[in-house]
Amino acid sequence: MPPPESHRTVTAAQKDLLKRWIAEGANYQEHWTFIARPDPPAPPRHGERHPVDAFVAAKLNPSGSASRRKPPSDLAASREPST
């Protein structure tokens, strides 16, 4: 309903429409933006240390073979979980 200070009222036609909607069962579907999307299935890990790396590896190498390059040690150290 509009706030009282807007001085707007619900018309008779709008009231009838609401009554008809309720009489028909008032079917309501939540807006799609409020429905949580399911998490995508994680691709298989081929030696990746972090789950995100499996997604990146799957996108970069769609054939599924494992990557042979290792990251530089300073980069690998920065990706370790902090304690």
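In this report, the structure presented in the accompanying data block is examined. (Residues numbered from 1 in each chain as written. Predicted model: local features only at pLDDT ≥ 70, side-chain atom pairs only at ≥ 80, totals over all residues. Heavy atoms only, no water.)

Turning our eyes to something else, we now look at the overall build of the chain. For the chain, the count of helices and strands is three helices and zero strands. If you list the helices and strands of the chain from N to C, you get α-α-α. Each of the 83 residues in the chain was classed as buried or not, and the buried ones make up 6%. In the form shown here, the chain has an accessible surface area of approximately 8300 Å², with 59% of it arising from carbon and sulfur atoms. (Helix = DSSP H or I, 4+ residues; strand = E, 2+ residues; numbered from the N terminus. Buried < 20%, exposed > 50% of the residue type's maximum accessible area, 1.4 Å probe, protein only. Areas by Shrake-Rupley, 256 points an atom, 1.4 Å probe, with all protein chains shown as cover.)

Mapped onto the elements, Val52 comes out in helix H2 (residues 51–60). On the accessibility criterion, Val52 (46% relative accessible area) is partly exposed. Measuring from C-alpha to C-alpha, the distance between Val52 and Ala42 comes to 8.8 Å, with ten residues separating the pair along the chain.

Moving on: a nonpolar patch on the surface. Residues Leu18, Trp21, Ile22 and Tyr28 make up a contiguous nonpolar surface patch of roughly 480 Å² in combined accessible area. Among the structural elements, Trp21 can be located in helix H1 (residues 12–23). Residue classification places Trp21 among the partly exposed residues on the basis of a relative accessible area of 39%. (Patch = residues over 30% accessible without salt bridge, like charges linked within 9 Å, V, L, I, M, F, W, Y side chains within 5 Å. Salt bridge = Lys/Arg side-chain N within 4 Å of Asp/Glu carboxyl O.)

In this section: H1. Along its twelve residues, H1 runs 16 Å from first to last C-alpha, staying within 8% of the 16 Å computed at 1.5 Å per residue. One or two positions beyond H1, positive phi appears at Gly25, with a value near 110°. (Expected span 1.5 Å × (residues − 1).)

Moving on: unusual backbone geometry. Backbone geometry at His7 places phi at a positive 60°, although glycine is not the residue there. Residue placement: His7 occurs in the segment before H1. Residue class for His7 comes out exposed when judged on its relative accessible area of 71%. Backbone geometry at Ala26 places phi at a positive 50°, although glycine is not the residue there.

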